[in-house]
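# Residue-level structure breakdown
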Amino acid sequence: MPELPEVEVVRRGLERWVVGRSIGEAAVLHPRSVRRHAPGPADFTGRLAGRSVARARRRGKYLWLTLDSGDALLAHLGMSGQLLVQPPGADDERHLRVRLPLTPPAGAPEPLELRFVDQRTFGHLLVDRLVPDDAGEGLPSVIGHIARDPLDPAFDDDAFAAALRRRRTGVKRALLDQSLVSGVGNIYADEALWLARLHWARPTESLRRPQVDALLAAARGVMTEALAQGGTSFDSLYVNVNGESGYFERSLNAYGRRDRPCGRCGTPILRETFMNRSSYSCPKCQPAPRDARF
DNA sequence: CCGGCGTCCTGGGGGC
DNA sequence: TGCCCCCAGGACGCCG
């Protein structure tokens, strides 16, 4: 499940392997993977052909390649998406959805392919115009509503705290709302809440500023640590986004740990269903509020 | 306008 | 052994 750290690892891989190359004739092997490209697969392919890649950028879980046309190739990996850089002769992956030939810059050694592989097709690619954002930088128009993420230097803690307390909902639902703060998914939400000793159903309007600060610090800490561990595996030709950064095996305190002892107090971790997904928490360190909001 | 629910999708695993 | 159901969940459309 790629969240911010995994997507950032992919972005770094794209920066290394794709920036400076040109895209050839793309092949859309599964139309669902470009379903958000409204003009359809042929237009998708046409707007990429011959364009060179200038930058690899990211906001939250979205990442995009800026093109010399003023467009961006925007990607969301969903639950199971991968972007792989392969030699053109490599066997097709079982769930290969889109193939993007990369022509080398003059004098560069070998041709490559960028491949979008996605078992469950929750992810997608699209080509979109870049429009200026609030800082005057280019942002794909369709993600104008996506907030900055906690690792973005321009993330505004004060504005976040104020917006959070204006909400009338539970704190985990707010953390997962990408228009409020981006990049946080189910795993890092549970980990950040455990670190900040907050229950997922805690009403946002009842959070005091020190608790908001603790929550942000926890989210930043857990994502920075995951990034440090995941960032070690992208120096091969493969852009690593298997969603298992090694972080998961060693360092999770709450997520997926049902009935296992809390690392602080030993109380068995509780699994509850919320928003059609699992929430893991320590019932002692993160007691449910009386005025729980879901 | 905003909160919150339903929906999309596939492979792995458990139960019988 | 095979079948069926459940589970994983990000983001958007839509409803109240």
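Given the structure is predicted, the values throughout are model-derived calculations rather than measurements.

### Observations concerning the environment of Gly-221
- Tracing the chain through its elements places Gly-221 in helix H6 (residues 209-230).
- The sequence separation of Gly-221 and Val-7 amounts to 214 residues, and the corresponding C-alpha distance is 16 Å.

### Some words on the protein's contact with DNA strand B
- Near DNA strand B you find Arg-32, Arg-94, His-95, Gln-119, Arg-120, Thr-121, Phe-122, Arg-167, Arg-168, Thr-169, Arg-173 and Asn-276, and these make up its full shell.
- The separation between a phosphate oxygen of DNA strand B and a polar side-chain atom of Thr-169 is 2.5 Å.
- A distance of 3.1 Å is found between a phosphate oxygen of DNA strand B and a side-chain nitrogen or oxygen belonging to Arg-173.
- Here the residues of the surface near DNA strand B are counted per class, giving 1 nonpolar, 5 polar and 6 charged.

### Let's talk about the domain arrangement of chain A
- If you check the domain split of chain A, you get domain 1 (4-142) and domain 2 (147-233 + 256-294).
- Placing the centre of domain 1 and that of domain 2 at their C-alpha centroids yields a distance of 30 Å.
- If you look at the interface, domain 1 gives 13 residues, while domain 2 gives 16 residues.
- Taken over both partners, the interface formed by domain 1 and domain 2 buries close to 1000 Å², and the fraction arising from carbon and sulfur atoms is 59%.
- Asp-134 is paired through a salt bridge with Arg-148; the nearest N and O atoms lie 3.0 Å apart.
- Linking domain 1 to domain 2 there are 8 residue pairs in polar contact (both at pLDDT 80 or more).
- Broken down by secondary-structure element, the contributors of at least two residues to the side of domain 1 that touches domain 2 are helix H1 (4-17) and strand E3 (53-59).
- With 6 residues, H1 is the largest single contributor of residues to the side of domain 1 that touches domain 2.
- Considered class by class, the residues forming the side of domain 1 that touches domain 2 number 4 nonpolar, 1 polar and 8 charged.

### Section: H1
- With 14 residues, H1 should reach 20 Å at 1.5 Å per residue; the first-to-last C-alpha distance of 20 Å fits that figure.
- Counting buried positions over the 14 residues of H1 gives 11, a clear majority of the element.
- The complete set of buried residues in H1 reads Leu-4, Pro-5, Glu-6, Val-7, Glu-8, Val-9, Val-10, Arg-11, Gly-13, Leu-14 and Trp-17.

### A word on the packing of aromatic side chains
- Summed over all chains, the structure comprises 3 aromatic pairs.
- Their ring planes at 50° and their centres at 5.6 Å tell us that Phe-155 and Phe-160 sit as a pair that is tilted. Of the two residues, Phe-155 and Phe-160, both sit in the buried class.
- Ring centres of Tyr-255 and Tyr-280 lie 5.3 Å apart, and the angle between their planes is 70°; this geometry places the pair in the edge-to-face category. Highlighted residues: Tyr-255 in the loop between helix H7 (247-251) and strand E11 (270-274) and Tyr-280 in strand E12 (residues 277-281), separated in sequence by 25 residues.
- The class for Tyr-280 is buried, based on a relative accessible area of 11%.
- A cation sits over an aromatic face here: Arg-264 above Trp-194, 3.7 Å from the ring centre.

### What about the UniProt feature "binding site: DNA" (unreviewed entry) in chain A?
- UniProt annotation of "binding site: DNA" (unreviewed entry) refers to His-95, Arg-120 and Arg-167 when read in the numbering used here. Taken along the chain, the residues just named run across 73 residues; in space they spread out, the farthest C-alpha pair reaching 39.7 Å.
- Once residues within four sequence positions are removed from consideration, Arg-120 is found in contact with Met-79 and Ser-80.
- Judged by relative accessible area, which is 27%, Arg-167 ranks as partly exposed.

### Digging into the confidence of the model for chain A
- Summary statistics for chain A give a mean pLDDT of 88 and a share of 91% for residues scoring 70 or more.
- Contacts from residues 231-247, a stretch scored under 50 in pLDDT, to residues over four places away or in other chains number 45 contacts.

Rules behind the numbers
- Residues numbered from 1 in each chain as written.
- Chains lettered and ligands numbered in written order.
- Predicted model: local features only at pLDDT ≥ 70, side-chain atom pairs only at ≥ 80, totals over all residues.
- Heavy atoms only, no water.
- Helix = DSSP H or I, 4+ residues; strand = E, 2+ residues; numbered from the N terminus.
- Near = heavy atom within 4 Å.
- Polar contact = N/O pair within 3.5 Å; in protein donor to acceptor, adjacent residues only side chain to side chain.
- Nonpolar A, V, L, I, M, F, W, Y, C, P; charged D, E, K, R; others polar.
- Domains from an automatic or database assignment.
- Contact = heavy atoms within 4.5 Å.
- Buried area = accessible area lost by both parts, 1.4 Å probe.
- Salt bridge = Lys/Arg side-chain N within 4 Å of Asp/Glu carboxyl O.
- Expected span 1.5 Å × (residues − 1).
- Buried < 20%, exposed > 50% of the residue type's maximum accessible area, 1.4 Å probe, protein only.
- Phe/Tyr/Trp six-rings, centres within 6.5 Å; stacked < 30°, edge-to-face > 60°.
- Lys NZ or Arg CZ within 6 Å of the ring centre and 35° of its normal.
- UniProt positions renumbered as here; feature names shortened; annotations may be inferred.
- pLDDT = per-residue confidence, 0-100.

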